[in-house]
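Letter by letter, the chains look like this.
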Amino acid sequence: MRALVQTVSRASVTVDDEVTGKIEDGLLVLVGVTHDDTPAKAAELARKTYELRILDDEASAADRGAPLLVVSQFTLYGDARKGRRPTWNAAAPAEVAEPLVTAYVEALRARGATVETGRFRAHMLVESVNVGPRTILLEL
């Protein structure tokens, strides 16, 4: 699994003119799943994300109670090394990825995190105002 974590002053996801998730002063997390990922990896990635010391004064979302907006993002596993058209072979199919993204969100919530989400398999409009900017790629 991969998570691209960004500090944001605000972020939101809109699907069909409906806001499905919105946060302020927290983390925008784009999550990708590959073929060999497991619920255990999802839980470990959730722990790492929530405890990542990326906020001001080297604080984590867990330290500050900062909210997270989690958006599934299969394109994190895109590969454009052989040309201009990326392949998505490393991305898990939706049937595999969706339960693992859900497990990731549930693991964050089990740790006490406030989590908003996008909508799986939907065309999403993601808006964010990055702080810093600070962006970290976590990978298991």
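Here, the structure is the one placed above.
Criteria and thresholds
- Residues take numbers from 1 onward in each chain, read along the sequence in its written order.
- The predicted nature of this model means local features are confined to residues of pLDDT at least 70 and side-chain atom pairs, given and counted, to a pLDDT of 80 or more, with totals for whole chains, interfaces and linings taken over all residues.
- In computing side-chain values, all of the structure's heavy atoms are included and hydrogens and water are not.
- Secondary structure is summarised from DSSP: a helix means a run of H or I of at least four residues, a strand means a run of E of at least two, and numbering begins at the N terminus for each.
- Should any heavy atoms of two residues lie within 4.5 Å, those residues are counted as being in contact.
- Put simply, a salt bridge is a Lys or Arg side-chain nitrogen that is within 4 Å of an Asp or Glu carboxyl oxygen.
- For the exposure calls, accessible area comes from a 1.4 Å probe over protein chains only, and a residue counts as buried if that area is under 20% of its type's maximum, exposed if over 50%, partly exposed in between.
- Two strands pair under a simple rule: DSSP has to find at least two bridges between them.

Take the side chain of Gln 6 next. For Gln 6, the position within the fold is in strand β1 (residues 2-15). In this structure, Gln 6 is in contact with Gly 26, Leu 27, Leu 28, Ser 128, Asn 130, Arg 134 and Thr 135, ignoring residues within four places of it in sequence.

Our next topic: the pattern of salt bridges. Using the criterion set out here, one finds 12 salt bridges in the structure. We note a salt bridge from Glu 139 to Arg 2, for which the minimum N-O separation is 2.6 Å. Highlighted residues: Glu 139 in strand β5 (residues 125-139) and Arg 2 in strand β1, separated in sequence by 137 residues. We classify Glu 139 as partly exposed; its relative accessible area is 43%. By sharing partners, the salt bridges in this structure join Glu 44, Arg 47, Glu 51 and Arg 111 into a single network.

Next up on the list: the pairing of strand β2 (residues 18-32). Sheet topology note: the β1/β2 ladder contains 13 bridges and is antiparallel. Bridging across to β2, Ala 3 finds its partner in Val 31. Linking β1 to β2, which pair antiparallel, is a turn of two residues; within it Asp 16 sits at a positive phi near 50°. Note that β2 and strand β3 (residues 68-72) share five bridges and pair parallel. Paired with Val 29 across the strands is Val 70, a residue of β3.

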